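Structural features, examined
Here's the letter readout for the chains.
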Amino acid sequence: MNKPFKRFKFSSITTRLVFTYFLIMLLTLLLFSYYILATTKNYLYEDEKQSVTTMSNVVASFAVDYIDPETQKLDREKFAKFINEIRIDSQMRVLILNKDITVLYDSQNNRNMLGTAQVRPAILAAVNGLAGFREYQTEDDGVIFDAAAPVLTLDGEVIGVVDIVYVPESVTRIHSSILGEMAFLILVISLLVGIIIFVVANLVSKRIVDFTSKITSMSDDGILDEKLDISGNDEISRLGEAFNIMSEKVVNLEKQRVQFVSDASHELKTPLSSIKLMADSILQNPDISMEYVREFLEDMNNEVDRLNRIVNKLLYITKMDMYTEEANKKLELISLNDIVGGIEKNLQPLAKKDDITLVFTTPSEIFLMANKDVLWQGIYNIVDNAIKYTDADGYVLVTTEQKNGKVIITVRDTGVGISSEEIDKIFDRFYRVDKARARSTGGTGLGLAIALGAIKYHDGEIDVKSERGKGSVFTIILPDVVPNSQADSDEPNAEEM
Ligand code: ADP
């Protein structure tokens with residue numbers, strides 16, 4: 001059974017995602033709440049400030065009726081009744097002072113306060129006919145508002161002061177209740193988001209875990225042709241698809257490798273068996289004539305030559321495979337005419353020997369970025385084949401040209417041709433259409449594989465058109481990476497000298 005907590009490793013994507021999102025969510029909510037609380041607190045305080053100031057003004061405007069302007073005495077009872085009637089907030093402590101700032105009335109009936117002088121900035125401002133307001137901070141982080149308003153006669157004479165002291169506890173109350181609700185909301189939202197992220201991340205990571213376990217079992221058990229099950233079209237599905245394509249390529253490469261080793265062993269075994277057979281015949285026949293020994297030795301020598309050719313070509317293929325990577329390529333500016341001219345010189349005797357007319361047509365100088373030896377080998381093998389697979393009195397024509405940004409080398413022959421079923425196979429390693437003919441011409445079945453490798457090395461391609469009995473046309477197409485006009489102008493111009 002799967003242990004659910006086994007997945008809770010901090011390094012796992014799910015855990016990291018859940019923690020990260022949880023933290024982001026929590027931080028965002030905390031900042032947001034702090035902002036909301038700060039602004040509501042200010043807003044509530046402003047509101048309360050406003051109402052205490054207004055109340056002091058209202059009470060002052062009525063208080064004028066209860067103070068005798070001559071004696072400055074307050075009709076305390078009537079005023080108390082008035083205060084009672086207007087149902088002033090019990091949290092507001094209303095004081096009436098005469099213009100000598102002596103307390104005449106205290107809504108909280110504190111006798112100690114009556115008759116005392118209250119020297120407070122708000123009251124002093126009111127005595128001078130101005131509205132006074134002060135805000136005090138208490139030790140427990142609360143506030144006290146002190147709003148004073150002058151009691152004015154109709155002539156505008158100050159005959160007293162109304163002072164209201166107010167502790168806006170409701171703000172703190174509202175504030176802490178909002179704080180409580182917010183904390184609860186933050187907890188619930190964070191938990192909900194955490195759970196949702198956990199479920200989503202778990203779904204994603206489960207697919208990755210499935211992929212990983214399948215890939216691990218493939219690599220551990222060496223089962224290369226297993227496929228990942230892909231559903232959907234998201235990034236993980238595309239990762240799976242890419243893996244499946246890659247595994248298909250690995251499987252193909254592995255098949256090619258096994259095929260190559262088996263073909264190579266077979267090809268090497270045939271001449272080795274002949275040599276062994278002939279050597280045994282000589283050794284087991286003490287009376288064998290010198291003439292036969294010589295004949296056998298000649299055959300053995302031919303087989304050794306053949307072995308040598310195969311091994312050399314195999315080594316060449318391996319070397320080329322290693323150097324085909326872009327970074328390992330060694331390219332330089334070379335003259336195609338030099339290469340083609342060299343091949344002509346090399347193969348003309350072979351063509352003559354077989355009564356074949358070998359014609360090279362190279363109308364203009366062509367320069368290109370290439371590896372001289374590799375390109376030589378590529379073109380040589382195709383021209384060599386054209387001669388090998390053409391009967392006496394036949395023709396082999398080689399032309400070079402530049403067209404549409406490409407360098408094109410065409411090798412035409414009037415030889416035996418290749419049937420359409422076989423054209424696709426002739427580039428496979430060790431493939432020969434006619435084994436007997438290939439053997440008599442020294443063919444190994446590796447020539448075209450090398451030629452294709454050499455042309456691919458130069459990012460080129462080979463096109464083949466052929467018909468059995470009617471000859472073949474091999475077309476090598478190379479990218480013309482060097483603008484030849486520029487290459488021409490870089491060359492010293494004899495006429496200008
Ligand atoms: P080989 O060493 O046998 O020539 P290649 O790889 O060069 O091997 O060629 C593979 C096979 O393709 C040859 O055995 C031959 O049957 C066929 N082939 C190649 N070039 C030609 C050609 N110009 N005309 C007819 N057949 C050809």
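Structural notes, computed from the coordinates. Each residue is numbered by its place in its chain's sequence as written, counting from 1. Since the coordinates come from a predicted model, pLDDT governs what is reported: local features require at least 70, and pairs of side-chain atoms require 80 or more to be given and counted, while whole-chain, interface and lining totals use all residues. With hydrogens and water excluded, all non-hydrogen atoms of the structure serve as input to the side-chain values.

1. Observations regarding helix H11 (residues 447–457)
Partly exposed describes any residue whose relative accessible area lies between the buried limit of under 20% and the exposed limit of over 50%, with all areas from a 1.4 Å probe on protein chains only and scaled to the type maximum. Each helix is a run of H or I in the DSSP string that is no shorter than four residues. Each strand is a run of E no shorter than two, and both are numbered from the N terminus. Across the 11 residues that make up H11, a large majority, 9, are buried. Here H11 has its buried residues at Gly 447, Leu 448, Ala 449, Ile 450, Ala 451, Gly 453, Ala 454, Ile 455 and Tyr 457. In what follows, a contact means two residues having at least one pair of non-hydrogen atoms within 4.5 Å. Taken together, the buried residues of H11 touch helix H6 (290–323), helix H8 (372–388), strand E11 (461–467) and strand E12 (471–479). Among the residues trailing H11, Asp 459 stands out with phi positive, at a value near 60°.

2. A few points about the pairing of strand E5 (residues 158–166)
Counting buried positions along E5 yields 8 of 9 residues, so the element is predominantly enclosed. Criterion used throughout: strands pair if DSSP finds at least two bridges between them. Judged from the 7 bridges that link them, strand E1 (residues 92–98) and E5 form a sheet pairing that is antiparallel. Along E5, the bridge assignment pairs Asn 98 with Gly 160. Relative to E5, strand E4 (residues 143–152) runs antiparallel, the two being bridged by 8 bridges. Looking across to E5, one finds that Ala 148 is bridged to Asp 163. Taking the residues that link successive antiparallel strands as the turn, the E4-E5 hairpin has 5 residues, and the phi of Gly 156 there is positive, at about 90°.

3. Notes on the sheet that holds E4
With antiparallel pairing, 5 strands are arranged side by side in an open sheet as E2-E1-E5-E4-E3. Each edge of the open sheet carries a strand with a single partner, namely strand E2 (103–106) and strand E3 (132–137). Across the sheet, the mean angle separating the axes of adjacent strands is 20° when strand polarity is ignored. Lines fitted to the C-alpha atoms define the axes, with helices restricted to the stretch that makes contact. Angles between their N-to-C directions range from 0 to 180 degrees. Across the face of the sheet, helix H1 (residues 13–63) comes into contact with E1, E3, E4 and E5 while running at roughly 25° to E4. Of the strands in this sheet, E1 and E2 are in contact with helix H2 (residues 76–85), which crosses E2 at around 40°.

4. Some remarks on the packing of aromatic side chains
Aromatic pairing here means that ring centres of Phe, Tyr or Trp (its six-membered ring) are within 6.5 Å. Orientation follows from the plane angle: under 30 degrees is stacked, over 60 is edge-to-face, and everything else is tilted. For the coordinates displayed, the defined rule picks out 9 aromatic pairs. Taking the centre distance of 6.0 Å and the plane angle of 75° together, the rings of Tyr 45 and Phe 145 count as edge-to-face. With Tyr 45 in helix H1 and Phe 145 in strand E4, this residue pair connects regions lying 100 residues apart in the sequence. Judged by relative accessible area, Phe 145 falls into the buried class, the value being 0%. What links up through ring pairs into an aromatic cluster is the set Phe 62, Tyr 66, Phe 79, Phe 82 and Tyr 105. Any Lys NZ or Arg CZ found within 6 Å of a ring centre and within 35 degrees of that ring's normal is scored as a charge over the ring. A cation over a ring is seen here: Lys 329 above Tyr 457, with NZ or CZ 5.5 Å from the ring centre. Between the NZ or CZ atom of Arg 429 and the centre of the ring of Phe 260, over which it lies, the distance is 4.8 Å.

5. A short note on the site of the ligand
In the vicinity of the ligand lie 22 residues, with Asn 385, Tyr 389, Asp 413, Thr 444 and Leu 448 positioned nearest. N or O atoms closer than or at 3.5 Å make up a polar contact, with two conditions inside protein: a donor-capable atom paired with an acceptor-capable one, and, for residues adjacent in sequence, both atoms drawn from side chains. Taking Asn 385, its side chain carries an N or O atom lying 2.7 Å from an oxygen atom of the ligand. In this structure, a nitrogen atom belonging to the ligand sits 3.5 Å away from a side-chain N or O atom of Ser 472. Reported accessibility uses the Shrake-Rupley method at a 1.4 Å probe radius. Residues are deemed covered only where the shown protein chains occlude them. Burial of the ligand by the protein amounts to 99% of the accessible area it has alone, namely 520 Å². Among the secondary structure elements, those contributing two or more residues to the shell around the ligand are H8, H11 and E12. Of all the elements, H8 adds the most residues to the shell around the ligand, at 3 residues. Among the residues forming the shell around the ligand, the class breakdown is 11 nonpolar, 7 polar and 4 charged. A single heavy atom is enough: if one lies within 4 Å of a molecule or strand, its residue is considered near that molecule or strand. Each residue is assigned to one of three groups, with Ala, Val, Leu, Ile, Met, Phe, Trp, Tyr, Cys and Pro labelled nonpolar, Asp, Glu, Lys and Arg labelled charged, and all others, Gly among them, labelled polar.

Geometric values such as these leave the question of function open.
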